[in-house]
Amino acid sequence: MLINKALFAQLFRYGLVGLANNLRGYLIYLLITWLGVNPEVAVTFMYPLGATLAYFGHAKYTFAKRHSVRGVGRYVIAHLIGYSVNVGLLYFLSTRLGFPHQLVQIAAIFIVAGVLFVLFKYYVFVENRRSG
């Protein structure tokens, strides 16, 4: 088996939290860009809001971890990376190459989600492997 059951369950929970959070965020993104806000500015506004709301779902439900200052700091670093990937994709693919920002943002949601899952699992919500 390529993927163990625990990892699959974690990916499933991550997907549920992400789906709820990103659907809400994408709809708000569409609304504020429809109102004339630049896509990069819209993401800059939406990203911290979505990341903050998702923290609680990922910490408790996806990775079953308690709140910690270290974890929050690492979560912020992970999301700075995710935000950079998101804005970079919007800028390069939409602003520079002319692809519709709505489609680029949908793709960015999935790309950033993959990057964040790896960062969350191996950097933010890491298992405590110390013995004794």
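To be clear, the structure that these remarks concern was listed above.
In this numbering scheme, every chain counts its residues from 1 along its sequence in written order. Local features in a predicted model are, by the rule used here, given only for residues with pLDDT of at least 70; side-chain atom pairs are given and counted only at 80 or more, and totals for whole chains, interfaces and linings are based on all residues. Note that the side-chain values use all heavy atoms of the structure and ignore hydrogens as well as water.

Chemist: Can you walk me through helix 1 (residues 5-34) in this structure?
Modeler: Along an α-helix, residues three or four apart share an orientation, since each turn contains 3.6 residues. The first and last C-alpha atoms of helix 1 sit 42 Å apart over 30 residues, in line with the 44 Å expected at 1.5 Å per residue. Those residues of helix 1 that sit buried are Q10, Y14, V17, G18, N21, G25, Y26, Y29, I32 and T33. Contacts are assigned to residue pairs that have any heavy atoms within 4.5 Å of one another. Put simply, DSSP marks the helices as runs of H or I at least four residues long and the strands as runs of E at least two long, and each gets a number from the N terminus on. Along its buried surface, helix 1 packs onto helix 2 (39-62), helix 3 (69-96) and helix 4 (101-124). Just beyond helix 1, the residue with positive phi is G36, at close to 105°. By this rule, a helix spans an expected 1.5 Å times one less than how many residues it contains. Working definition: with a 1.4 Å probe on protein chains only, accessible area under 20% of the residue-type maximum means buried, over 50% means exposed, and in between means partly exposed.

Chemist: Teacher, can you tell me more about the packing of aromatic side chains here?
Modeler: The description of two aromatic rings rests on the distance between their centres and on the angle between their planes. Stacked, tilted and edge-to-face pairs are distinguished by plane angle, under 30 degrees for stacked and over 60 for edge-to-face with tilted covering the rest, among Phe, Tyr and Trp rings (Trp via its six-membered ring) whose centres lie within 6.5 Å. Scanning all chains against the criterion turns up 13 aromatic pairs. Relative to Y29, the ring of Y26 lies with its centre 6.0 Å away and its plane at 20°, an arrangement referred to as stacked. Here Y29 and Y26 lie together in helix 1, a separation of three residues that amounts to about one turn. Since its relative accessible area comes to 14%, Y26 is described here as buried. Seen from their ring centres, Y75 and F125 are 6.2 Å apart, and the 55° between their planes marks the pair as tilted. Taken as a pair, Y75 in helix 3 and F125 in the segment after helix 4 lie far apart in primary sequence, 50 residues in all. One aromatic cluster is present, formed by Y14, Y55, F56, F63, Y75, F117, F120 and F125 through successive ring pairs. Whether a charge sits over a ring comes down to the Lys NZ or Arg CZ being within 6 Å of the ring centre and within 35 degrees of the ring normal. In this structure, K121 is placed above the aromatic ring of Y122, and the distance from its NZ or CZ to the ring centre is 5.8 Å.

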